[in-house]
Amino acid sequence: MTVDVRKATLPELVDMARDVRRDVAARFGRLTEAQLNWKPTPQDWSVGQCFDHILTSNALYFDTFDAVLRGTKETRFLERVPVLPGLYGRFLIEALRPAAARKMPTSPNFYPTQSAVDPGIIDRFLAQQDHLMATLEALARADVDLGRVTMTSPASSVVTYSVLDGCRIIVIHEQHHIGQIQRLLDWPAFPRAQAALP
């Protein structure tokens, strides 16, 4: 059954994150350095840059999640403003859906490296994904209503949403870029390597 990420529970998000991990290991785990760094045009991101972007953006959420788990999460002024967190959360989740018509601009905080990416980035992603799943599982066990705890977006100090929506945003953001990566592999000019692609 397909889960609507806009309403996904934490256990459902753990399952979705596990699916992402499995797909990445199976489909992209044997890419060569040349494949990871190939771009259709100089302006496009490579496969490696997409993974670097995911790693960078995901990492910026963990301090907030850890503070929630420790019970030390402080509430900033803008996080107390009613209505806005719900609006921002719904907007971002909708905008990041793979079928969304409009492309979201990338925050400078989330820009990927401009250097060549080494094949170890896949293992780094898989390790971070294990940490993400463990964190989501810990949040699911916590005696906290995460739909009522507000956080500030790592992308912008004026954007707030619930911690639960933050968890949803991470997962749908990953799905968004996994789709982007697959489209790169589908380019006719994408370099083929013997026994490297599934």
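Structure: see above.
Note that residues are indexed from 1 along each chain, following the sequence as it is written. Reporting of local features is limited, given that this is a predicted model, to residues whose pLDDT is at least 70; pairs of side-chain atoms are given and counted only at 80 or more, and all residues count toward the totals for whole chains, interfaces and linings. Side-chain figures throughout are based on the complete set of non-hydrogen atoms in the structure, without hydrogens or water.

A.B. asks: For this particular structure, what's the right way to read the nonpolar core?
C.D. replies: One broad trend across soluble globular proteins is that nonpolar side chains are buried collectively. What makes a nonpolar core is a set of buried Ala, Val, Leu, Ile, Met, Phe, Trp, Tyr and Cys residues whose side-chain atoms join them at distances within 4.5 Å. Relative accessibility decides the category of a residue: with a 1.4 Å probe and only protein chains considered, values under 20% of the type maximum give buried, values over 50% give exposed, and everything between is partly exposed. One finds Leu10, Leu13, Phe65, Leu136, Leu139 and Cys167 to be the most contacted residues of the largest nonpolar core, which totals 29 residues. A run of H or I in DSSP becomes a helix once it reaches four residues, and a run of E becomes a strand once it reaches two; helices and strands are each numbered from the N terminus. Mapped by element, the contributors of at least two residues to this core are helix H1 (10–28), helix H4 (62–70), helix H5 (84–96), helix H6 (120–141) and helix H7 (163–185). The element that contributes the greatest number of residues to this core is H7, accounting for seven residues. Core analysis: the next-biggest nonpolar cluster, separate from the first, contains 22 residues, Val20, Leu31, Ile178 and Leu185 among them.

A.B. asks: Hey, could you run me through the environment of Ala67 in this one?
C.D. replies: Examined against the element boundaries, Ala67 turns out to sit in helix H4. Only heavy atoms enter the contact rule, under which two residues are in contact if any of them lie within 4.5 Å. Ignoring anything within four residues of it in the chain, the contact list for Ala67 reads Thr72 and Lys73.

A.B. asks: Could you clarify how one ought to interpret the pattern of salt bridges in this entry?
C.D. replies: Opposite charge on two side chains permits them to pair, given that their charged atoms come into close proximity. Salt bridge criterion: a side-chain nitrogen from Lys or Arg within 4 Å of a carboxyl oxygen from Asp or Glu. Applying the stated criterion across every chain, the model contains ten salt bridges. For Arg124, the salt bridge is made with Asp118, and the minimal N-O distance between the two is 3.2 Å. Linking Arg168 and Asp165 is a salt bridge whose minimum nitrogen-to-oxygen distance equals 2.8 Å. Remark: Asp165 and Arg168 occur in helix H7; sequence separation between them is three residues, near one turn of the helix. Like Arg168, the residue Asp165 is buried in the burial classification.

A.B. asks: I would appreciate a short explanation of the side chain of Ser57 in the present structure.
C.D. replies: Along the chain, the position of Ser57 falls in helix H3 (residues 47–59). A residue is classified by how much of its surface remains accessible, and Ser57, at 2% relative accessible area, is buried. Under this definition, polar contacts are N or O atom pairs within 3.5 Å; protein pairs additionally need one hydrogen-donor-capable and one acceptor-capable atom, and for neighbouring residues in sequence, both atoms have to be side-chain atoms. Looking at Ser57, its side chain comes within polar contact range of the main-chain oxygen of Ile54, at 3.1 Å. Excluding residues that lie within four positions of it along the chain, Ser57 makes contacts with Phe110 and His173.

A.B. asks: What is the right way to read H6 from this model?
C.D. replies: Along an α-helix, residues three or four positions apart point the same way, because every turn accommodates 3.6 residues. Helix length check: H6, at 22 residues, gives a terminal C-alpha distance of 32 Å against a target of 32 Å (1.5 Å per residue), a fit within 8%. Of all the positions in H6, only Ile121, Ile122, Phe125, Leu126, Gln128, Gln129, Leu132, Met133, Thr135, Leu136, Ala138 and Leu139 are classed as buried. Elements that come into contact with the buried residues of H6 comprise H1, helix H2 (33–37), H3, H4 and H7. Here, expected helix span is obtained from the residue count minus one, scaled by 1.5 Å.

A.B. asks: Where do I start with the packing of H3 against H6 in this structure?
C.D. replies: When two helices pack together, their arrangement is captured by the angle between the axes and the distance separating the axes. Note on method: axes are straight lines fitted to C-alpha atoms, helices fitted across the in-contact stretch only, with angles between N-to-C directions ranging 0 to 180 degrees. H6 packs onto H3 with a crossing angle of 30° between their chain directions and a minimal axis gap of 10 Å. As summarised for this structure, H3 and H6 are arranged roughly parallel, according to the angle between their axes. Along this stretch, H3 crosses H6, giving a crossing that reads as left-handed. Each of Gly48, Phe51, Asp52, Ile54, Leu55, Asn58 and Ala59 in H3 lies in contact with H6, whose residues at this interface are Ile121, Ile122, Arg124, Phe125, Gln128, Gln129 and Leu132. Under the scheme applied, nonpolar residues are Ala, Val, Leu, Ile, Met, Phe, Trp, Tyr, Cys and Pro; charged residues are Asp, Glu, Lys and Arg; polar residues are all the others, including Gly. Of the residues contributing to the contact of H3 with H6, the split by class is eight nonpolar, four polar and two charged. Convention used here: angles under 35 degrees read as roughly parallel, angles over 145 as roughly antiparallel, angles from 65 to 115 as roughly perpendicular, and any remaining angle as oblique. In this scheme the crossing of two helices becomes right-handed for a clockwise turn of the near helix relative to the far one and left-handed for an anticlockwise turn of less than a right angle.

These figures capture arrangement, not role.
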